[in-house]
Each structure stands twice: as structure tokens, then as C-alpha cells.
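What the coordinates show
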Amino acid sequence: MGARQSRTNSKDKDPKRMLLLGRRQRFSSWDDTLLLGKDPRSLLKRGMRHVSFSLVTKGMTDIPDFLWGLSEVQKLNLSHNQLRVLPPEVGKLTRIVVLNLCGNRLKSLPREISLLQSLKVLFVNMNCLTEVPAELSLCRNLEVLSLSHNCLSQLPASFSDLSRLRKLNLSNNYFAHIPICVFSLKELDFLHVGSNRLENIAESIQCLASLQIFIAESNNIHSFPRSLCLVTSLELLNLNNNDIQTLPDELYLLYRLARIAWNPMDKGLHISHNPLSKPLPELVEGGLDMLFSYLKDKKHN
């Protein structure tokens, strides 16, 4: 009995075996599936609405080829890896509704992304994009697009064809102005252009009649355009950390702004950290009703 136990103990302490065990413990579920010769479809998760597949935080530099055969995938999450290229084979996954590529090292997207005709949600934030292919505008069902934290300074003019787009995040890029194509997106209710290089907001902003949330904080915007006051659907307007000195008399037209907001997540008017001229700073401190009353009287006097 003692000899058998001794042999067992020595086997457990064998360096090669311990190394193999250590490696084995680091295998991911999809590594296991491939090593055991299982069908990768066994990793698909079938929810009530979508068939999903996730390879999050795997340290991947390349996407495994087996993925392109999983044609039934509708939600694909490849976020937080080390991907530098999204292969053209992505166009084979024609049923994709949600594609998450956040937190990789992508410098571009393949033209074949236009084949994803069911695509509604696309996250490509926190990458290294310097351009976006015009072919993305062929994804006519796209509703949510996040391109934040990239190296973009322009968008293709064809983006005006994304007629169903409702939410667009362009923050933390290199835009010197809001791309003209954005003003054609009539269904847009969320637009984030914060932390860019904006010096003004074009008068065309009034074309976005459905806009409810507009964030343009941390730019170098010099003036608050009167045309923005015509976007009466606004419920959150964030112009913090800019170079705005005066406010338009028509500001009171934005009746859906409930308060002067200080918490970034609150609805209302965010106007702090601007060099507002007197008596505006005191009026802002007094609340939105006081500010609106002053501007309304000023307009009519």
C-alpha cells in the first residue's frame, strides 16, 4: 500500500506532468473543443432571440478559420483581443445582427463588411482605424455604430445612406468638424462627438430633428449656435469643457432640458468649464429656470 502511494505521489510530482497540467488549465473552452475534435458549433449559445458566439479576451492575433463556417451566428463578440486585421471572410456570416470588435488593433475594415445585410449593431471603438470603408453604408439596417477612440478625421459621404442609424459615437477621434453626412441621418437620436478637435457646430445641426442626446464636450467650440436651439427634442445637451462665452437668447426653446446638469449621466444642460461672460455663471448656478427667464427677457427687451 505504501509503495503504491509512493509511486502515485512521485507521478504527481513529475515535472513534465506538472507542466502539462499547468498548460491544460490555461486552455480556453474553444481550445478544448478543437483539441478533442468536437464540432465548434457546440460553443454556440442559443438564446431566445439570437445565436451568439464569443471569443473575448483570448489574446488572439488571428481569428480561427473554423469561425467562418458558423453561418448561423447572429451575435459575434471578438472584443479585447490583439486583432490587427478583420479578414474578408467575415462577409460569410450573413446573419450577423450584432458585431463587437471593440478593443483590438484594427486599422481598417474589409469591404466585405457590406455583405452583412442583417447587421444592426457594430462596435469598433478602441481600435486604430484611420478610415472607414464606404461599403459600410450598404449595411442599410445599421442602427447603432460606435467608432469612438480611433484615429478618424472624416467619414465617407455615402454614410448619409444609413437611413436607419439611431445612435452614433464618434468621440475621441480627430474630427475638426462634424462630417456633413451626419446631418442627413434623420433618425439619429444619439450623437457623441466629444473629445475631438471641433471649433464650431454647423448650422445644419438643426436637420437632426429627432436628436435627444447630443454630447460635444471637451472640444474647442467657440460659440453656441442658435440653430441648436431648434432641435427641440434634446433632453441631454453636453457642451462642457469648451470655449463658449455667450448663450443664445433662444436657448429657452429647448424645453425638454430638465435642469442644469452636473453629473455626466444626468439629462439636462451641461455647460460647466466654459468661460461664460457675466452674469451667465451666476445664472447657471441659480438653475435652468433662472437662466431661461433671463434669456427670454433679454430677447424680448
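A brief structural summary.

What counts and how
Residues numbered from 1 in each chain as written. Predicted model: local features only at pLDDT ≥ 70, side-chain atom pairs only at ≥ 80, totals over all residues. Heavy atoms only, no water. Helix = DSSP H or I, 4+ residues; strand = E, 2+ residues; numbered from the N terminus. Buried < 20%, exposed > 50% of the residue type's maximum accessible area, 1.4 Å probe, protein only. Patch = residues over 30% accessible without salt bridge, like charges linked within 9 Å, V, L, I, M, F, W, Y side chains within 5 Å. Areas by Shrake-Rupley, 256 points an atom, 1.4 Å probe, with all protein chains shown as cover. Salt bridge = Lys/Arg side-chain N within 4 Å of Asp/Glu carboxyl O. Lys, Arg positive; Asp, Glu negative; His and termini not counted. Charge placed at Lys NZ, Arg CZ, Asp CG, Glu CD. Expected span 1.5 Å × (residues − 1). Contact = heavy atoms within 4.5 Å. Pairing = 2+ DSSP bridges. Core = buried A, V, L, I, M, F, W, Y, C linked by side-chain atoms within 4.5 Å.

Here the focus is unusual backbone geometry. With an omega of 5°, the peptide bond running from K278 to P279 counts as cis. With respect to the helices and strands, the residue P279 is situated in the loop between β11 (268–270) and α4 (280–286). You will see that S218, though not glycine, has its phi angle at about 55°, which is positive. In this structure S218 comes out as partly exposed when scored by relative accessible area, which is 29%. Residue H273 is not a glycine yet carries a positive backbone phi of 60°. Looking at where H273 falls in the secondary structure, it is placed in the loop between β11 and α4. Take H273: its relative accessible area is 61%, and that puts it in the exposed class.

On to a negative patch on the surface, then. A contiguous patch of negative charge on the surface is contributed by D62, D65, E89 and E112. Locating E89 in the fold gives a position in the loop between β3 (75–77) and β4 (98–100).

Right, let's talk about helix α5 (residues 288–300) for a bit. Owing to its 3.6 residues per turn, the α-helix brings residues three or four apart onto one side. Over its 13 residues, α5 extends 18 Å from the first C-alpha to the last, a length consistent with the 18 Å expected when each residue adds 1.5 Å. Where α5 is buried, its residues meet β11 and α4.

Moving on, we get to a positive patch on the surface. Positive charge collects at one region of the surface, where R49, K75, K120 and R164 lie side by side. Within the secondary structure, R49 sits in the loop between β1 (45–46) and β2 (51–54). A relative accessible area of 71% means that R49 is categorised as exposed.

The next subject is the sheet that holds strand β6 (residues 144–146). Within a sheet, neighbouring strands are paired by backbone hydrogen bonds and run either parallel or antiparallel to one another. The eleven strands are arranged β1-β2-β3-β4-β5-β6-β7-β8-β9-β10-β11 in an open sheet whose pairing can be described as mixed. Two strands in the sheet have a free side with no partner beyond their single neighbour: β1 and β11. Here three bridges tie strand β7 (residues 167–169) to strand β8 (residues 190–192), and the two strands are oriented parallel to one another. Following the sheet pairing, L168 is matched in β8 by L191.

Before going further, it helps to examine the nonpolar core. Membership of the largest hydrophobic core comes to 82 residues, with the highest contact counts inside it found for F214 and L291. Contributing elements (two or more residues each) for this core: β2, α4 and α5. Once residues lying within four places of it in the same chain are set aside, the contact partners of L291 are L247, L251, I260, L269, L280, L283 and V284.

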